Amino acid sequence: MLRAATRGSRLARAQTDFVIELLDVEAETVVVDTVGDRRTEVPIWELGGRGVFVKEVQAAVLDGRADFAVHSAKDLPSTTPEGLTIAAVPERADARDALVGQRFDSLPPGARIGTGSVRRRAQLAWLRPDLTFAGIRGNMDTRLSKAANFAAIVVAAAALDRLGRTPEITDVLPPGLLVPQVGQGALAIECRAGDGATLELLAAIEHPPSRTAVDAERAWLREVGGGCDLPVGAYATVSGDGRVTMTAMIGTPDGRIVMRDTDSDDDPEDLGRRLARHLLDDAGGSSLLADLR
């Protein structure tokens, strides 16, 4: 029987069950505790950003406790650890951010928004400099239970959909308004690079357009060198002929500066690198991020 490593949150377990159902195999779930789950009182960017929800799960695959791991693609660092490979990206769910509480166009002056994401905060502050913000951490159920303390909280639409809680969404924010986090809405399935049998099995649930979009976004992130600790985001789509179009942003946490650009290419890796270099070198993103770091 195969073993699937996952975080212990209800959302992570639901995502893992979904992947096992897609594979149509018998599999045992191996629940792994991560530093991001243990230290919910600390903002993600203070814990080190990307990787705080995946390192221990990846270790379970590397040391043989599990055969593969199911991750939210947005939690993965842009570089895969030696010995692992992303074997499959199933069809991507909704990549957009969502509000629970009030609609964006109904937020009163000075409305208090709950979010633990510097990316969301930067873009919302740029759109509405009057808004105020407070951090909110914990699993999705915990965050939703705190929604009444704010005019609205910002969460991933896909997470609510996977938990069967879409009726609680009051507004969805299109990528043209809020650029999503790299990999948001997508799942990434990792296994050991030399495990041919598991690689072959996981290949059956690969969705090529979703994989191409996620590859483009991750190439962009590798070039930028950021993650959850910096206000950056990228979102790619793939047309019927395979051409990739991506919008990316770099900003300051206070929303005073937000730089965005859109570009297209047939090669996702080239697109990600080129768009990153444009924002870093031509638009001044390098000096902006250097100050933040």
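Conventions used here
Residues numbered from 1 in each chain as written. Predicted model: local features only at pLDDT ≥ 70, side-chain atom pairs only at ≥ 80, totals over all residues. Heavy atoms only, no water. Helix = DSSP H or I, 4+ residues; strand = E, 2+ residues; numbered from the N terminus. Core = buried A, V, L, I, M, F, W, Y, C linked by side-chain atoms within 4.5 Å. Buried < 20%, exposed > 50% of the residue type's maximum accessible area, 1.4 Å probe, protein only. Contact = heavy atoms within 4.5 Å. Axes fitted to C-alpha atoms, helices over the stretch in contact; angles between N-to-C directions. Parallel < 35°, antiparallel > 145°, perpendicular 65-115°, else oblique. Nonpolar A, V, L, I, M, F, W, Y, C, P; charged D, E, K, R; others polar. Pairing = 2+ DSSP bridges. pLDDT = per-residue confidence, 0-100. Arc of directions from axis to C-beta. Salt bridge = Lys/Arg side-chain N within 4 Å of Asp/Glu carboxyl O.

**Brief notes about unusual backbone geometry**
Backbone geometry places D24, a non-glycine residue, at a positive phi of 60°. The topology assignment puts D24 in the loop between α1 (10-23) and β2 (27-31).

**With respect to the nonpolar core**
W220, V224, V232, M246, I250 and L289 are the most contacted members of the largest nonpolar core, which totals 22 residues. Counting only elements with at least two residues in this core, the list comes to α9 (208-224), β11 (232-238), β12 (244-251), α10 (268-282) and α11 (285-292). If sequence neighbours within four positions are ignored, L289 has contacts with V224, L230, V232, I250 and L280.

**Quick notes on the packing of α10 against α11**
Closest axis-to-axis distance for the α10/α11 pair is 4 Å, and the angle between their directions is 75°. Between α10 and α11, the angle falls in the class roughly perpendicular. Each of R277, L279, L280 and D281 in α10 lies in contact with α11, whose residues at this interface are G285, S286 and L289. Across the contact of α10 with α11, the residue classes break down as 3 nonpolar, 2 polar and 2 charged.

**Regarding the sheet that holds strand β4 (residues 84-88)**
Strand pairing in a sheet relies on backbone hydrogen bonds, with the paired strands running either antiparallel or parallel. As summarised here, the arrangement of the 5 strands in space is β2-β1-β3-β10-β4, forming an open sheet in which the pairing is mixed. If you trace the sheet from one side to the other, it starts and ends with β2 and β4, each paired once. On average, adjacent strands in this sheet sit at an angle of 35° to one another, irrespective of strand direction. Note that β4 and strand β10 (residues 187-192) share 4 bridges and pair antiparallel. Across the sheet, L84 pairs through a bridge with R192, a residue of β10. In this fold helix α4 (residues 55-62) packs onto β1 (2-6), β3 (68-72), β4 and β10, with an angle of close to 165° to the strand it touches most, β3.

**What to know about the sheet that holds β12**
The sheet built from 3 strands is open, its strands ordered β11-β12-β13 with antiparallel pairing. The sheet is open, and its two edges are formed by β11 and β13 (258-265), each paired on a single side. When strand polarity is set aside, the average angle formed by the axes of neighbouring strands in this sheet is 10°. Strand direction decides the pairing type here: β12 and β13, joined by 8 bridges, are antiparallel. If you follow G251 over to β13, its bridge partner there is V258. Along the sheet, α10 makes contact with β12 and β13, crossing β13 at roughly 150°. α11 rests against β11, β12 and β13 of the sheet, and its axis sits at about 45° to β12.

**Describing the confidence of the model for the chain**
Taken as a whole, the chain shows an average pLDDT of 92; of its residues, 92% reach a score of 70 or greater. The model gives residues 38-47 a pLDDT under 50, and that stretch makes 22 contacts with residues more than four places away or in other chains.

**Things to note about α4**
Taken together, the buried positions of α4 are occupied by V57, Q58, A60 and V61. Projected down its long axis, α4 shows its buried positions confined to an angular sector of 150°, all on one face. The elements touched by buried residues of α4 are β1, β3, β4 and β10.

**Looking at the environment of A14**
Relative to the helices and strands, A14 is located in helix α1. In the structure, A14 is positioned 149 residues away from L163 in sequence and 7.2 Å away in space, judged by C-alpha atoms.

**A short note on the pattern of salt bridges**
Once the charged atoms of two side chains with opposite charge are near each other, the side chains can pair. The final tally for this structure, using the stated rule, is 26 salt bridges. Measuring nitrogen to oxygen at the nearest pair gives 2.9 Å for the salt bridge that ties D63 to R65. Classification of D63 by relative accessible area gives partly exposed; the value is 48%. A residue is classified by how much of its surface remains accessible, and R65, at 41% relative accessible area, is partly exposed. Note that D266 and R243 form a salt bridge whose closest N and O atoms lie 3.1 Å from each other. Remark: R243 occurs in the loop between β11 and β12 and D266 occurs in the loop between β13 and α10; sequence separation between them is 23 residues.

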